[in-house]
Amino acid sequence: MELPFAESYKIKMVEHLRRSTREEREQWIREANYNLFKLKSEQVFIDLLTDSGTGAMSDRQWSEMMLGDESYAGASSYFKMKDTIREILGFEYFLPTHQGRAAENVLFSALVKAGDIVPGNSHFDTTKGHIEFRKAKAVDCTIAEAFDTTVNHPFKGNLDLTKLEDVLKSHPKEKVPFIVVTVTCNSSGGQPVSMENLRGVRQLADKYGIMVVFDSARFAENAYFIKTREAGYAGKTIREIVLEMFSYADAMTMSSKKDAIVNMGGFIGMRSKELFEKASVFNIMFEGYITYGGMSGRDMNALAQGLREGTCFDYLETRISQVAYLGQRLVDFGVPVQQPFGGHAIFVDAKRFLPQLPREQFQAQTLAVELYLEGGVRGVEIGALLADRDPETRENRYPALELLRLTIPRRVYTNNHMDYVATALANVYERRNSIIKGLKITGEAPIMRHFTVDLAKV
């Protein structure tokens, strides 16, 4: 008899969770102006808002914390992190930052100027925000299959190489500072990019003399999908796949709060000494000295250890299998989700879930609120609120996908929690036809509004 699947870790410490009543949740979400970011954590039973910094660190990571060197300059923790990045990712130069958007801020300050064009695969919110803040334009070149949640394509994060070449051909290379490739692609549903596609992007970049930058927050999950879905890689280790992936990049940004399983931290990896020196100026201005860059020594130690653990196959199989478990439970209930399942979250298709709501009433945000009211589960909208307004016309942008992201923290919840989430959402699905009014904006920031937006019922 084949042995059943079991997690590749055991639990050493637990945290108490409080169940709330629906009446309490109705009051709390009203006081938060229907923005789930504004809820207090104790008002949430199961928190699937993000996997960023919410994972459970291992005993070895906690041990590394105690060995942290807090010297302002030249700390041993910096060199431990430097050696780990060189070994696992292959980058000779790196700058530590306090998180991923800080890495983008530093690197883009060195590379992006007004009027530039930055093609990529469904740029995520901070990436697009940093581009548009600099009066440049993000151009989405993702394959068409990514925008149909019913299509079962193994690599929905892929760039359409024809679209990409059209962008490169139609703009002088001085106007295209780099191509950004997000691995995995968050906005299209945590979908991976194939090695074949990464190779194709590199060939086009070389043809037109353009840099390639990876947004690498979930690079290890991407490597897992290459190993399990792409021909020729089943016999490769995760580390071997990772090294090949990054061989096609000139630079990378990393939010280490994801695949390095730490609560805070990030970095920039670079091959060019010239770029390193240019970016170092901005790192010192925005983050701190180049050997700590906004991070403590203990956090750098935990990050280095997390990169090692996060690129182990057994860990990745446990992590991604739990995501798939939730996805299959929802499919069994008839809930429409992005398929195939991605690496860090299940993305519910709010357009198919609530087709009766007009897009102007923010279907995914409405669904997120309904799920919270039903069971105290906090998800996050990946749709029109996150898409923000066009920086020139100031009109709302309505993306092809309107998604509710249920993001699973690493090594935190059990499959019993996943059953609870699936049942809560199934209950909402059963009463979906009674949801006839959505939400409207009553106050918003000029950029990246979804974090602080105020909403009201229509």
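Parameters at a glance
Residues numbered from 1 in each chain as written. Predicted model: local features only at pLDDT ≥ 70, side-chain atom pairs only at ≥ 80, totals over all residues. Heavy atoms only, no water. UniProt positions renumbered as here; feature names shortened; annotations may be inferred. Axes fitted to C-alpha atoms, helices over the stretch in contact; angles between N-to-C directions. Helix = DSSP H or I, 4+ residues; strand = E, 2+ residues; numbered from the N terminus. Parallel < 35°, antiparallel > 145°, perpendicular 65-115°, else oblique. Contact = heavy atoms within 4.5 Å. Nonpolar A, V, L, I, M, F, W, Y, C, P; charged D, E, K, R; others polar. Buried < 20%, exposed > 50% of the residue type's maximum accessible area, 1.4 Å probe, protein only. Pairing = 2+ DSSP bridges. Arc of directions from axis to C-beta. Salt bridge = Lys/Arg side-chain N within 4 Å of Asp/Glu carboxyl O. Polar contact = N/O pair within 3.5 Å; in protein donor to acceptor, adjacent residues only side chain to side chain. Phe/Tyr/Trp six-rings, centres within 6.5 Å; stacked < 30°, edge-to-face > 60°. Domains from an automatic or database assignment. Buried area = accessible area lost by both parts, 1.4 Å probe.

The name given to the protein chain in an unreviewed UniProt entry is Tyrosine phenol-lyase, with bioreactor metagenome as the source organism. Of the protein chain, the UniProt comment under Sequence similarities (unreviewed entry) reads exactly: "Belongs to the beta-eliminating lyase family." Listed in UniProt under the heading Cofactor (unreviewed entry), the comment for the protein chain reads: "pyridoxal 5'-phosphate".

Novice: Got a minute to help me understand the packing of helix α8 (residues 219–229) against helix α9 (residues 238–247) in this structure?
Specialist: How two helices pack is summed up by the angle between their axes together with the distance between the axes. Look at α8 against α9: their axes get within 9 Å of each other, and the N-to-C directions meet at 110 degrees. By the angle between their directions, the pair α8 and α9 is classed as roughly perpendicular. Taken together, the residues of α9 that come into contact with α8 (itself represented by Phe219, Asn222, Ala223, Tyr224, Ile226 and Lys227) are Ile238, Ile241, Val242, Met245 and Phe246. Each residue belonging to the contact of α8 with α9 can be placed in one class, and the counts come to nine nonpolar, one polar and one charged.

Novice: Quick question: what am I supposed to make of the pairing of strand β12 (residues 403–407) here?
Specialist: On any regular strand, side chains alternate: one points to one face of the sheet, the next to the other face. Among the five residues that make up β12, five are buried, leaving the element largely enclosed by the rest of the structure. Going residue by residue along β12, you find Leu403, Arg405 and Thr407 tucked away on one face and Leu404 and Leu406 tucked away on the opposite face as well. Two elements, strand β9 (residues 345–349) and β12, share five bridges in a ladder whose sense is antiparallel. By the bridge assignment, Ile346 is partnered in β12 with Leu406. Across three bridges, strand β11 (residues 380–382) lies against β12 in antiparallel orientation. By the bridge assignment, Ile382 is partnered in β12 with Leu403.

Novice: For this particular structure, what's the right way to read helix α2 (residues 59–66)?
Specialist: Because an α-helix packs 3.6 residues into every turn, residues spaced three or four apart end up facing the same way. Every buried residue of α2 is accounted for by Gln61, Glu64 and Met65. Angularly, the buried residues of α2 cover 110 degrees about the axis, an arc narrow enough to put them on a single face. More than 90 degrees from the buried face of α2, the exposed residues found are Arg60 and Met66. As for α2, its buried residues are in contact with α3 (76–89) and α11 (297–310).

Novice: Would you explain the pattern of salt bridges in this entry?
Specialist: For side chains of opposite charge, pairing can occur when their charged atoms come near one another. Counted according to the given criterion, the structure contains 30 salt bridges. With a closest N to O distance of 3.3 Å, Glu70 and Arg298 form a salt bridge. Of this pair, Glu70 sits in the loop between α2 and α3 while Arg298 is found in helix α11, placing the two residues 228 residues apart along the sequence. Look at Glu70 and you get partly exposed, because its relative accessible area is 42%. Among the residues examined, Arg298 registers a relative accessible area of 40% and is labelled partly exposed.

Novice: Teacher, can you tell me more about the UniProt feature "domain: Aromatic amino acid beta-eliminating lyase/threonine aldolase" (unreviewed entry) in the protein chain here?
Specialist: Sequence positions flagged by UniProt for "domain: Aromatic amino acid beta-eliminating lyase/threonine aldolase" (unreviewed entry) are, in local numbering, residues 47–423. Across residues 47–423 one finds 44% helix and 13% strand; the C-alpha atoms that close the span lie 15 Å apart.

Novice: Is there a simple way to explain the side chain of Thr84 in this structure?
Specialist: Assignment of secondary structure puts Thr84 in helix α3. Of the residues examined, Thr84 reaches a relative accessible area of 2% and is grouped as buried. A polar atom in the side chain of Thr84 sits 3.4 Å from the side chain of Arg308. If we skip the residues at most four places from it in the chain, Thr84 touches Leu89, Ala304, Leu307 and Arg308.

Novice: Quick question: what am I supposed to make of the packing of aromatic side chains here?
Specialist: What describes a pair of aromatic rings is the distance from one ring centre to the other and the angle between the planes of the rings. Taken as a whole, this structure holds 16 aromatic pairs when the rule is applied. Ring geometry for Phe45 and Tyr420: centres 5.0 Å apart, planes at 70 degrees, overall edge-to-face. With Phe45 in the loop between α1 (22–31) and β1 (46–47) and Tyr420 in helix α16 (residues 415–430), this residue pair connects regions lying 375 residues apart in the sequence. With a centroid separation of 6.3 Å and an interplanar angle of 85 degrees, the aromatic rings of Phe94 and Phe267 are classed as edge-to-face. Residue Phe94 is found in strand β2 (residues 93–97), and its partner Phe267 is found in strand β8 (residues 266–270); the two are separated by 173 residues along the sequence. Through a chain of ring-to-ring contacts, the aromatic side chains of Tyr78, Phe79, Phe94 and Phe267 assemble into a single cluster.

Novice: Would you mind showing me how to read the sheet that holds β9 here?
Specialist: Strand pairing in a sheet relies on backbone hydrogen bonds. The paired strands run either parallel or antiparallel. With antiparallel pairing, the three strands of this open sheet are ordered in space as β9-β12-β11. Sheet topology places β9 and β11 at the edges, where each strand pairs with a single neighbour. Across this sheet, the average inter-strand angle for adjacent strands is 35 degrees, counted without regard to direction. Contacts from helix α12 (residues 313–332) reach β9 and β12 within the one sheet, and its direction differs from that of β9 by about 25 degrees. Running at roughly 45 degrees to β12, helix α14 (residues 363–375) makes contact with β9, β11 and β12 of the sheet.

Novice: Even after reading the chapter, I still don't get the domain arrangement of the protein chain, so can you show me in this structure?
Specialist: Each assigned domain of the protein chain is listed here: domain 1 (22–51 + 313–457) and domain 2 (59–311). Taking the mean C-alpha position of each, domain 1 and domain 2 sit 26 Å from one another. Across the contact, 32 residues belong to domain 1 and 42 residues belong to domain 2. Taken together, the two surfaces of domain 1 and domain 2 that pack against each other cover about 2,900 Å², and 58% of this comes from carbon and sulfur. Its largest share of buried area at the contact with domain 2, domain 1 owes to Phe313, Leu316 and Pro340, together 19% of the area lost on that side. On the surface where domain 1 and domain 2 come into contact, there are six salt bridges. Ionic pairing is found between Glu132 and Arg397, a salt bridge with its closest N-O pair at 2.9 Å. Contributing elements (two or more residues each) for the side of domain 1 that touches domain 2: α12, β9 and β12. By residue number, the principal contributor to the side of domain 1 that touches domain 2 is α12, which donates six residues. Tallied by class, residues from the side of domain 1 that touches domain 2 come to 17 nonpolar, six polar and nine charged.

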